Amino acid sequence: MKRILALVQSEAFAVCLFVAAIILCSAPFMITANIMEHLWFMNWYLFAVWGLLIAGIFLMTGGSREGDGSQE
Amino acid sequence: MNNAFFSSTMIVFLYIAVLFAIAIWIERRAARGKNFGDNAWVYSLTLAVYCTAWTYYGSVGKAVVSGVLYLPIYLGPTMAIILWWTVLRKFIRVKKQYHTTSIADFISVRYDKSQSVAALATVIALVGSLPYIALQLKAIISTFDIIAFSRGGHTHVVPQIAQSAGVGSIVVVCLILFTILFGVRKLDPTERHQGMMGVLAVTAIVKLLAFVGVGFFVVYFTHFRGFADIAARLQATPVASLIGAGNMEQVTYVKWVSYFILAISAIMFLPRQFHVLVIENSSEKHIRTAMWVFPLYMLILNVFVLPIAVGGILGGHPTTEADSFVLTLPLAHGNYWLALFAFIGGLSAAGGMVIINTMTVATMVSNHLLLPLFGSGKLFDLFRRNLLYLRWIIVAGYISLGYWFECKIGGSYMLVNIGMISFAAALQFAPAIIGGVFWKRANRQGALWGLGGGFLAWFYTLLFPSFVKSGWFPASIITDGPGGISWLNPQSLFGIIALDPLSHGVFWSMVVNIGLYVVMSLYYPQQIREKRIAESFTDTLARDINSEKHGHRTAYIDTAQKKKVARTLLARYFSDSHVNTMVDDYFFQSGLAGKEKISIVELAELSAKIEKTLAGALGAAVAYKAVSESELFSAEESEELSQAYSQIVSNLKIAPEELRAKIDYYQEKESLINRHARELETKIRELEENILQRKRAEEELRQIQLGLEQRVQERTLELTKLNDNLRQHIAERKSVEQALRFSEERFRIAAQKASDFIYEWDISSGKLEWFGSIDEKLGYSQGEFPRTIDAWEKAMYPDDRQQVMAKLKLHLEKRSLYQQEYRMMRKDGSLAFWTDSGTALWDENNKAYKMIGVCTDITANKLAEQELQNKLLELEKFHKFAVDRELKMVELKSKIKEMSAQAGDGTPRKAL
């Protein structure tokens, strides 16, 4: 558990999350040329991605847990 | 004017008053050490200043014409936030180290504390944000028009009544007052704007609740019965067909990416964002909370954007008014109060942005444009010493200018599109800042060229075309290029036509900015000092190194002289009393208090402290220039400092990675300890202050008491002594007086009743004082008998005079016994018998100077004696006669007996 936590709170995880975010946010344009045709779906898809990113960040930072805050 | 106008006006003013009250309350708490701003949630909410009126109202508008293109504005920041722990933490550490006050200050510090870099960054921030301020004011005023004059569902016509009613002016005055009161009220280097941050947090909650409230209303209380219902209706009638192909904005991947890039940079590099993120941050740990709270805030805020947009379109509202759907939808369905609440949310969004942005710009303009312009000449002393008032003027001028801008060009294309254009302006800071904290080689020349080139490219490709589209310049410039030169077309520079205007501008400004930044940084060498700063930025921890080697340097620099220089330097910007306290604090904090000589390293520390303080008030560039131009370091001292630094670096002998790891560890540790220490220090300081005050008061009281006691004791002692003396004196005097009285009494009685006369003869003067009734005794009237020795001698019976005077002379000369009996002649010539017994007093020369004696009148005794003699004589005569008679009788008897015997019978006769 500690290992997983350390991994999630590492800088490498942050970079991975960032790259994942770029890919996930670009995905709609890989799926369809006219995004407006799927506006409703795309909107909630992006919200889902957004939610995942927030969850990832929450895990990465350990929420508001007090500590030294290091990500080593 | 109607009821809606008055009710909305009253509620707006009430809301502003509540915000004022909150700000004052927080500031007062902060003054008592209760730090409201030192809270991760407050910090996270203040970041919502990112969501301005442009996003609050504009997101729905954007969703109507561009679909999901509104999302990158918020999703982009969320992506940037993923890297905050690495990036933002560096910014904050650098801010703490160099006490930077703004984004321009931050950049200038990194690039050799260059005033040119700071000035350029300030100009970019100023130009980029002024139209944005105008946009916020426009949003406040136009939405007030809707809310105050469109009650009853007439929402499609938006009259410009508020403008003419002077609402704009009132809004401007309120914003100016608020900014001055809580943003630039003080010129304190350690100041953080607690009140303003608290208000920002409150407004963030208000705008979130308002927007979500409208969203709920649209989704559940209008024509729709929830999200599914909207989705179903949208499927039946696609948005594109409702809006019409002509009004739809084409969303390409390039545009999508451009929006992301702009939003990623805007969340950190918009001057107001940088301010709340970095400058107002009180603890690195707050970043971690903000990293998930702020994206969550944005997510919640945006959940209802598309439903509101779709609701507006499906409800038949014109797409041209999509920006005001947030207000017009509740109004159209008769919910005025919800619309008013939504307006308050929009007001919060716009007001917060204006206040923070103005405060930041005012600081930058005063520190990086005006102060360097004033230079160090005495001519501008007035401005330098009144820097605070100067900032107030800038605040008032800046907001007023924004309002003027809004009045003049409120409806132009430029203003409507300024949101993304402003984001693109903020993007120009990105290479210089990101490169500054990650790339050691980056230098001042690179930053200057990069910022300058990027700014020009931004101006030419983004701002200038908006001027053209606003009709201020010929439209042919963006169709055929300036002067018909197509490759200079600002929207298709060098023939690039594949990009939309925004992406085109972003592309070129970044190419120019990054290109020049890298090339110039590589081309120009770094100065040693700049290299040192670059290392401290990229490593962020090298700052503690200096403190290691203090002991190796000789203390030879005259402290008094440096103190004087420091005072002179600070006195140019602060009041004299403040300066003295500051300088004393520096010396105390550096442990230099009481030292007559200091080492070069200690002087460097002192210089850094002064510069840091000045930087807090004036910005790093001006502070650096002021310290550099002062006489704090002589040429020799500068040389020695350079050597000392080299020695320190070489002495470390440690791999950079290892050093970084160690420093990281210790800095984290130090950070924690420092925080605890600060808290403790604050408490201790308060306690010490209390104790000190109490001690002072006690000491004063004690001193007063001691003084009083001493005075009382002294006084008592004096009085006691005096009293004793007096008592003794009185006793003595009484005793003497009594003795004297008794003596006098006795003497008087003795002298009067007895026959004695006491005399005192002053031999030199011949005066003879008599005590007793001498006049009466000698038959004179009172005081008639002369009191001289001659009178006494003259009154003496002449037969006795010679003998008495001889005896007296003998006594005076030979000290023989003087005791005489002589006769005195009364006035009537009768004689009085006196005995005289006296003794003289002799001086050191054995000369008699006084004689005291007593005379006794023995006349009565003498007379009695004489009478007794006479009686004795008479008795003797009688005795003799008696004896003779007896003898005669015996003879007679004998004769008778003989005769009887001779006569006869022999029997004697009895009768005989």
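Everything numeric in this text was worked out from a predicted model, so none of it was measured.

Rules and cut-offs
- Residues numbered from 1 in each chain as written.
- Chains lettered and ligands numbered in written order.
- Predicted model: local features only at pLDDT ≥ 70, side-chain atom pairs only at ≥ 80, totals over all residues.
- Helix = DSSP H or I, 4+ residues; strand = E, 2+ residues; numbered from the N terminus.
- Buried ≥ 20, exposed ≤ 12 C-beta atoms within 10 Å, placed from the backbone.
- Contact = placed C-beta atoms within 7 Å.
- Core = buried A, V, L, I, M, F, W, Y, C linked by C-beta atoms within 7 Å.
- Nonpolar A, V, L, I, M, F, W, Y, C, P; charged D, E, K, R; others polar.
- Axes fitted to C-alpha atoms, helices over the stretch in contact; angles between N-to-C directions.
- Parallel < 35°, antiparallel > 145°, perpendicular 65-115°, else oblique.
- Left-handed = near helix turned anticlockwise from the far one by under 90°.
- pLDDT = per-residue confidence, 0-100.
- Pairing = 2+ DSSP bridges.

A.B. asks: How do you make sense of the overall build of chain A when you look at a structure like this?
C.D. replies: The helix and strand tally for chain A stands at three helices and zero strands. Listing each helix as α and each strand as β along chain A from the N terminus yields α-α-α. The proportion of buried residues among the 72 residues of chain A is 31%.

A.B. asks: Is there a simple way to think about the overall build of chain B in this case?
C.D. replies: Across its full length, chain B holds 38 helices and seven strands. Each of the 912 residues in chain B was classed as buried or not, and the buried ones make up 43%. Taking contacts inside chain B between residues at least 6 apart in sequence as the whole, the part at least 24 apart equals 75%.

A.B. asks: So what exactly am I meant to see when it comes to the nonpolar core here?
C.D. replies: Note that soluble globular proteins tend to have their nonpolar side chains buried in a common cluster. Residues and elements named next belong to chain B. With 240 residues, the main nonpolar core has Ile107, Ala121, Phe269 and Ala309 as its most contacted residues. For alanine 121, the contacting residues outside a window of four places in its chain are Ile103, Ala104, Ile107, Ser108, Phe429 and Leu451. The next biggest cluster of nonpolar side chains, apart from the first, holds 18 residues, and it includes Ile774, Leu778, Phe785 and Tyr822.

A.B. asks: Help me understand the interface of chain A and chain B, please; the structure alone is not making it clear to me.
C.D. replies: One widely used convention gives an interface's size as the accessible area the parts lose upon coming together. Listed by partner, the interface residues are 31 residues for chain A and 34 residues for chain B. Among the elements of the structure, α2 (11–31) and α3 (39–61) of chain A are those that each provide at least two residues to the side of chain A that touches chain B. Broken down by element, the side of chain A that touches chain B gets its largest block of residues, 13 residues, from α3(A). Grouping the amino acids of the side of chain A that touches chain B by side-chain chemistry returns 19 nonpolar, nine polar and three charged.

A.B. asks: Looking at this structure, how should I read unusual backbone geometry?
C.D. replies: Excluding glycine, most residues fall at negative phi; most peptide bonds, likewise, are trans. Residue and element names in this part refer to chain B. For lysine 113, which is not glycine, the phi dihedral falls at a positive 50°. Inspection of the secondary structure assignment puts lysine 113 in the loop between α7 (103–110) and α8 (115–149). Given 26 C-beta atoms within 10 Å, lysine 113 falls into the buried group. The backbone phi angle of phenylalanine 494 is positive, close to 55°, even though this residue is not glycine. If you trace the backbone, phenylalanine 494 turns up in the loop between α26 (476–479) and α27 (501–523).

A.B. asks: I tried to follow the environment of B:Phe6 on my own but got confused; where do I start?
C.D. replies: All names here are of chain B. Relative to the assigned elements, phenylalanine 6 resides in helix α1 (residues 3–31). Residue phenylalanine 6 is classed as exposed on the basis of its 11 C-beta neighbours within 10 Å. C-alpha separation for the pair phenylalanine 6 and alanine 148, spaced 142 residues apart in sequence, amounts to 7.7 Å.

A.B. asks: What is the right way to read the packing of α3(A) against helix α16 (residues 285–302) of chain B from this model?
C.D. replies: A pair of packed helices is captured by two measures, namely the crossing angle of their axes and the spacing between those axes. The interhelical angle for the contact between α3(A) and α16(B), taken along N-to-C directions, is 165°, at an axis separation of 8 Å. Of the possible angle classes, the one that applies to α3(A) and α16(B) is roughly antiparallel. Between α3(A) and α16(B) lies a crossing whose hand is left-handed. Of α16(B), the residues touching α3(A) (which contributes A:Phe47, A:Trp50, A:Gly51, A:Leu53, A:Ile54, A:Ile57, A:Phe58 and A:Thr61) are B:Arg288, B:Met291, B:Trp292, B:Pro295, B:Leu296 and B:Leu299. Here the contact of α3(A) with α16(B) is composed, by residue class, of 11 nonpolar, two polar and one charged.

A.B. asks: I'm lost on the confidence of the model for chain A in this one. Help?
C.D. replies: Interpreting fine coordinate detail is not advised for predicted regions of low pLDDT. Residues and elements named next belong to chain A. In the predicted model, chain A carries a mean pLDDT of 78, and 81% of its residues have values of at least 70. Mean pLDDT across the secondary structure elements of chain A bottoms out at helix α1 (residues 2–8), with 77, and peaks at α3, with 89. In this model residues 66–72 is a low-confidence stretch, pLDDT under 50, and it forms 11 contacts with partners more than four residues away in sequence or in other chains.

A.B. asks: I'm lost on the sheet that holds strand β6 (residues 831–842) of chain B in this one. Help?
C.D. replies: What holds strands together in a sheet is hydrogen bonding between their backbones, with the strands either parallel or antiparallel. Residues and elements named next belong to chain B. Ordered by their spatial adjacency, five strands build an open sheet running β4-β3-β7-β6-β5, and the pairing between neighbours is antiparallel. The sheet is open, and its two edges are formed by β4 (767–771) and β5 (818–825), each paired on a single side. When strand polarity is set aside, the average angle formed by the axes of neighbouring strands in this sheet is 25°. Bridge analysis of strand β3 (residues 756–762) against β4 gives five bridges, and the strand direction is antiparallel. Residue pairing for β4: tyrosine 759 is matched across the bridge by tryptophan 770. Of the strands in this sheet, β5, β6 and β7 (848–857) touch helix α37 (residues 798–814), which is tilted by about 150° from β5.

A.B. asks: Where do I start with helix α15 (residues 271–279) of chain B in this structure?
C.D. replies: Each α-helix turn comprises 3.6 residues. Residues three or four places apart therefore point the same way. Counting buried positions along α15(B) gives nine out of nine residues, so the element sits mostly inside the fold. Residues of α15(B) that are buried: B:Pro271, B:Arg272, B:Gln273, B:Phe274, B:His275, B:Val276, B:Leu277, B:Val278 and B:Ile279.

A.B. asks: Looking at this structure, I do not really get the pairing of β7(B). What am I missing?
C.D. replies: Regular strands place side chains that alternate from one sheet face to the opposite one. All names here are of chain B. Pairing geometry for β3 and β7, over seven bridges, is antiparallel. Its bridge partner being in β7, tryptophan 761 is matched across the sheet by methionine 851. Note: β6 against β7, nine bridges, orientation antiparallel. Counterpart to glycine 838 in the pairing with β7 is glycine 853.

A.B. asks: In this structure, what is going on with the environment of B:Tyr849? I would like to understand it.
C.D. replies: Residue and element names in this part refer to chain B. The topology assignment puts tyrosine 849 in strand β7. Separated by 84 residues in the primary sequence, tyrosine 849 and serine 765 have C-alpha atoms spaced 9.3 Å apart. Among all residues touching tyrosine 849, those that are not within four sequence positions of it are Ile763, Ser764, Leu841 and Asp843.

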